[in-house]
There are 2 protein chains.
Amino acid sequence: MNEQEKLLNARDRFIDSMAKNMSLYGITHSVGRLYGLLYFNEKPMTLDEMKDELGMSKTSMSTAVRQLQELNMVEKVWKKGERKDLYQAADDWYDSFTALFTTSWRTGISLNMSTINRSLKELHNLRDNPETPDEVRASVKLDIEKYQYALDYYDWLNRFVDSLESKEIFNYIPKKE
Amino acid sequence: MNEQEKLLNARDRFIDSMAKNMSLYGITHSVGRLYGLLYFNEKPMTLDEMKDELGMSKTSMSTAVRQLQELNMVEKVWKKGERKDLYQAADDWYDSFTALFTTSWRTGISLNMSTINRSLKELHNLRDNPETPDEVRASVKLDIEKYQYALDYYDWLNRFVDSLESKEIFNYIPKKE
DNA sequence: TAGTTCGTAAAGTTTTAACTGTACGAATTT
DNA sequence: AAATTCGTACAGTTAAAACTTTACGAACTA
């Protein structure tokens, strides 16, 4: 194995490890590998270059690259006189990390909260309705507490996401050791 | 729809919303629904009760409940004179949240870091080896920087997980608003 | 110790997600 | 405006995950 091969071999090993890790965040292994390729490639790449390098279809590259764009992990680059689209890896991993959670979590949180609020409203009606049998009312009261707890939790989660989005988290946990 | 039905209806709606949300964390919809069932059930439940309630197989309940146990979201309860195992939802969602990430992320982080360190060592050798061609050495130097960046990032992530595990995060983002 | 019951491993089935090939509109070139 | 190139929607295929059925060991019961 010559020097060049050793270099590429080391890269490949790390890219694979990284891609495996990314599956924890819901990113496919193939998509992770594509990110790794772009991360190490000095120049922005076209879809055709990616597909040749990874031995996959151009369609897969197209969808994978869009996924990565939506996660703010890859950005499109313009170069004059170039007809093809060029893509490069976003260089700030901290940005990518925070973006990943803010985008995917926000909608879930607010959806959950509005569901809770809707249910809570109905339960308050049940509780205050004199026609509600006493044993049902007891259950209603217990449920209300549980909804309230959930609501508090989602509020906390929301503030947690806030601290990621606003980069405030880096005041608490600084980047450089 | 009578009062009892209204109560169960509201529950069901929320459980479903919660289960959908959990899929963001890699938890199946069915497993999420099981958690919801246990969360609202006042008493701990047996596998048979769960399977009847959700209309699924007992085996599915067994594996699902174990998954939830591993995530610290469900705990086994002992009751004298009871042959069957009893399970109940863990009441502290903040604990569950932090446990979820600490357990799944830790291994990934350390795996990645050791891969990087191994690659870095090889690259340092390449860089210092006089036989390495100059243009390869240039690439090696670029790669070393990228590994170093990744290493810093994983170090940060590690400290981030630390702050979750040690509950220090709640100093920064307090539970009660 | 023979008969039950409970929990889970293993194999089989169904459902879901990833990936590919074809086809086509938009942009570009001649 | 005809021909070419590029990116992506869509339909089909393949791979993976979720779920079920069967089967069996361990613990309990009589």
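Okay, so let's go over this structure. All residue numbers refer to position in the chain's written sequence, counted from 1. Starting at A for chains and at 1 for ligands, labels are handed out in the order in which the entities are written. Local features in a predicted model are, by the rule used here, given only for residues with pLDDT of at least 70; side-chain atom pairs are given and counted only at 80 or more, and totals for whole chains, interfaces and linings are based on all residues. Only hydrogens and water are set aside when side-chain values are computed; all heavy atoms of the structure are taken into account.

## Observations concerning the packing of helix α5 (residues 93-128) of chain A against helix α6 (residues 134-165) of chain A
Residue and element names in this part refer to chain A.
Working step 1: Direction vectors running N to C along α5 and α6 enclose 160°, while the axes themselves pass 9 Å from each other. In terms of orientation, α5 and α6 fall into the roughly antiparallel class. Crossing handedness for the pair α5 and α6: left-handed. Only the stretch in contact is used when fitting a helix axis, every axis being a line fitted to C-alpha atoms; angles between N-to-C directions are given from 0 to 180 degrees. Secondary structure elements follow DSSP: runs of H or I no shorter than four residues count as helices, runs of E no shorter than two count as strands, and numbering proceeds from the N terminus. Angle categories: roughly parallel below 35 degrees, roughly antiparallel above 145, roughly perpendicular from 65 to 115, and oblique for all the rest. Helix crossings are classified by the rotation of the near helix relative to the far one: an anticlockwise turn of less than a right angle makes the crossing left-handed, while a clockwise turn makes it right-handed.

## Some points on helix α1 (residues 3-22) of chain A
Working step 1: In this model α1(A) runs 29 Å from its N-terminal to its C-terminal C-alpha over 20 residues, within 8% of the 28 Å that 1.5 Å per residue would give.
Working step 2: Throughout, exposure labels follow a simple rule: accessible area from a 1.4 Å probe, protein chains only, divided by the maximum for the residue type, with under 20% read as buried, over 50% as exposed, and the rest as partly exposed. Every buried residue of α1(A) is listed here: E3(A), L7(A), A10(A), R11(A), R13(A), F14(A), I15(A), S17(A), M18(A), A19(A), N21(A) and M22(A).
Working step 3: Taken together, the buried residues of α1(A) touch α2 (29-40) and α5 of chain A together with α5 (93-128) and α6 (134-165) of chain B.
Working step 4: Measuring from the backbone nitrogen of Q4(A) back to the side-chain oxygen at the start of α1(A) gives 3.1 Å, which picks out N2(A) as the cap. One less than the number of residues in a helix, times 1.5 Å, gives the span that helix is expected to have. The contact definition used throughout considers only heavy atoms, calling two residues in contact when any of these lie within 4.5 Å. Pairing of N or O atoms within 3.5 Å defines a polar contact, subject to two protein rules: one partner must be a possible hydrogen donor and the other a possible acceptor, and residues neighboring in sequence count only if both atoms are side-chain atoms.

## Details of the relation of the copies chain A and chain B
Working step 1: When chain A is fitted to chain B, the best match, at an RMSD of 0.0 Å, comes from turning it 180° and sliding it 0.0 Å along the axis. Given the turn and translation reported, the copies of this chain are related as if by a two-fold rotation axis.
Working step 2: Comparing interface residues between copies, 100% of those in chain A also sit at the interface in chain B, which points to an isologous, same-surface contact. The copies were overlaid by least squares, fitting only the C-alpha atoms of residues that reach a pLDDT of 70 or more in each copy.

## Here's the deal with the protein's contact with DNA strand D
Working step 1: For this description, a residue counts as near a given molecule or strand if any of its non-hydrogen atoms is within 4 Å of it. Around DNA strand D sit 15 residues in total, of which S62(A), K84(A), D85(A), S30(B) and S60(B) are the nearest.
Working step 2: In DNA strand D, the atoms that sit within 4 Å of the protein are 74% sugar and phosphate, with bases accounting for the remainder.
Working step 3: Interatomic distance of 3.2 Å between a side-chain N/O atom of T59(B) and a base oxygen of DNA strand D.
Working step 4: Listed by contribution, the elements that provide at least two residues to the surface near DNA strand D are α4 (58-70) of chain A together with α4 (58-70) of chain B.

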